[in-house]
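Reading the structure
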Amino acid sequence: MKTFLVGGAVRDRLLGLEPGDRDWVVVGESQASMEAAGFKPVGRDFPVFLHPDSGEEYALARTERKSGRGYRGFVVDADPSVTLDQDLGRRDFTINAIAQDTDGTLVDPFGGARDIEARVLRHVGAAFVEDPLRVLRAARFMARFAALGFSVAPETMALMRQMVDAGELAELVPERVWQELRRSIASERPSAFLRTLHDCGALAVVLPEVEALYGVPQRAEYHPEVDTGVHVELVCDVAAMLAPGDDLIGFAALTHDLGKALTPEAVLPKHLGHEQAGVAPLRALCERLKIPAEHRQLAEVACREHLNVHRFEELRASTVVKLIERCDGFRKRGRIAQLATVCEADKRGRAGLQDQPYPQGDALRAAHAAACAVRAGDLPEGLQGPAVGEAMRKARIAAVVNATGKKP
Ligand SMILES: Nc1ccn([C@@H]2O[C@H](COP(=O)(O)OP(=O)(O)OP(=O)(O)O)[C@@H](O)[C@H]2O)c(=O)n1
Ligand SMILES: [Mg+2]
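Residues numbered from 1 in each chain as written. Chains lettered and ligands numbered in written order. Predicted model: local features only at pLDDT ≥ 70, side-chain atom pairs only at ≥ 80, totals over all residues. Heavy atoms only, no water.

What follows is about the side chain of S187. Tracing the backbone through its elements, the reader meets S187 in the loop between α7 (174–185) and α8 (190–200). Side-chain polar atoms of S187 contact the backbone oxygen of R183, separated by 2.8 Å. With near-sequence residues (within four places) excluded, S187 lies in contact with A143, R144 and A240. (Helix = DSSP H or I, 4+ residues; strand = E, 2+ residues; numbered from the N terminus. Polar contact = N/O pair within 3.5 Å; in protein donor to acceptor, adjacent residues only side chain to side chain. Contact = heavy atoms within 4.5 Å.)

Feature annotation in UniProt places "binding site: Mg(2+)" (unreviewed entry) on D21 and D23, given in this structure's numbering. Tracing the backbone shows D21 in the loop between α1 (8–14) and β2 (23–27). Along the polypeptide, D23 turns up in strand β2. When neighbours within four sequence positions are excluded, D23 is seen to be in contact with F4, L5, V6 and E57. (UniProt positions renumbered as here; feature names shortened; annotations may be inferred.)

A separate point is the site of ligand 1. For ligand 1, the set of nearby residues contains 14 residues, the closest of which are R11, D92, D131, R144 and R183. With respect to ligand 1, the backbone of D92 contributes an N or O atom lying 2.7 Å from an oxygen atom. For ligand 1, the protein covers 78% of the area, taking 560 Å² as the surface of the free molecule. Secondary structure elements with two or more residues in the shell around ligand 1: α1 and α5 (133–145). With 5 residues, the top contributor of residues to the shell around ligand 1 is α5. (Near = heavy atom within 4 Å. Areas by Shrake-Rupley, 256 points an atom, 1.4 Å probe, with all protein chains shown as cover.)

Time to look at the UniProt feature "binding site: CTP" (unreviewed entry) in the protein. UniProt's entry tags G8, R11, R91, R137 and R140 with the feature "binding site: CTP" (unreviewed entry), counted in the numbering of this structure. Note on placement: R11 falls in helix α1. Beyond its immediate stretch of four places on either side in the chain, R11 contacts I95, N96, I116, F141, R144 and F145. Positionally, R137 belongs in helix α5. In this structure R137 touches D92, F93, N96 and E180, once residues within four positions along its chain are discounted.

A separate point is the side chain of S191. Within the fold, S191 resides in helix α8. Here S191 falls in the buried class, since its relative accessible area comes to 11%. At 2.5 Å, the side chain of S191 forms a polar contact with the side chain of D237. (Buried < 20%, exposed > 50% of the residue type's maximum accessible area, 1.4 Å probe, protein only.)

What follows is the structure, given as structure tokens:
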């Protein structure tokens, strides 16, 4: 059986990175011969099998041709006569279209190794336009590889712009948009995802609430970068640095300032009340993309409360306890630490201010820990009904006073 390693594993090895999942392509076999060799069929849209021992994915070499709208609208040909070069030719980017023989030899008909060397993300061929998801994949690979010096080839960028202008991205279902977004905000450079989509016009289609932040000014004394879109890019990158791989914190960082797009012109560059104004566009975005509940909740808390956390020094202990209650932080114990991280990313996500300390974060975490340490057994005995809640809140306030030296 003739098998080749393909895709991400070959690419990542050439980049000197730790390869993830290994995907294999098989040439000259059929559904029947694979099953006879003990492989387990798992593909729904095309013939892919799991290796009986390693569990790795083996796909028959195939060609694909667009036959209609939607991501299922493809005619797949996986006949044993399909060649390795044909299979590589249907792929998205040259850096993903390199195969490696079992003896280590590379099969690289589209110059993928050269593009890896030159740090260029380039499409393989004209069939690129048949799959609108590839616009988001380009942006996601930029989030992952921009820090290594990658950029999108101008001709690929032009093609992506054409696809957007032709309305192709309307085909993308929410689940697939979220999958690419989730992985991008958990990558090293989420700003490159946003910037790539912004530059080709796709951000306006998939995340119009975020696109609307570009061109909106903020006060230069507080925000040397001025542009709110640029601010959000920076915040996402700091969040990715503070919490690597954490899409929960990444999503809240991305959406914390959506309200700034709604500030009336006359009020600019101030953004009074943008925290409350941001809740409606945030909910619209979450509904449309079917964002998971936990992500929605942290994002909404961060949107509403980020200024309160920034002024933590000024808050009384009772105000802190109420803030924690509003965040559901006594039941969801991880949430306050997450909020503190998002707020730190917000403060440090400003041009030239990345290295600023953010003492509010630790102070909030310490206050939360102290308030959480109060147990029902610490309260006076014999309390009934609402009196228990009242006594609990008082005890928590006292604990925060103790831990922080704040006024009650
Ligand atoms: N819309 C897509 C999806 C996948 N592929 C091809 O299928 C391979 C495997 O896809 P996937 O696992 O999604 O990407 P990887 O490149 O392996 O990256 P990752 O490390 O994220 O798995 C890609 O390298 C690419 O050759 C493609 O051409 N077009
Ligand atoms: Mg892969």
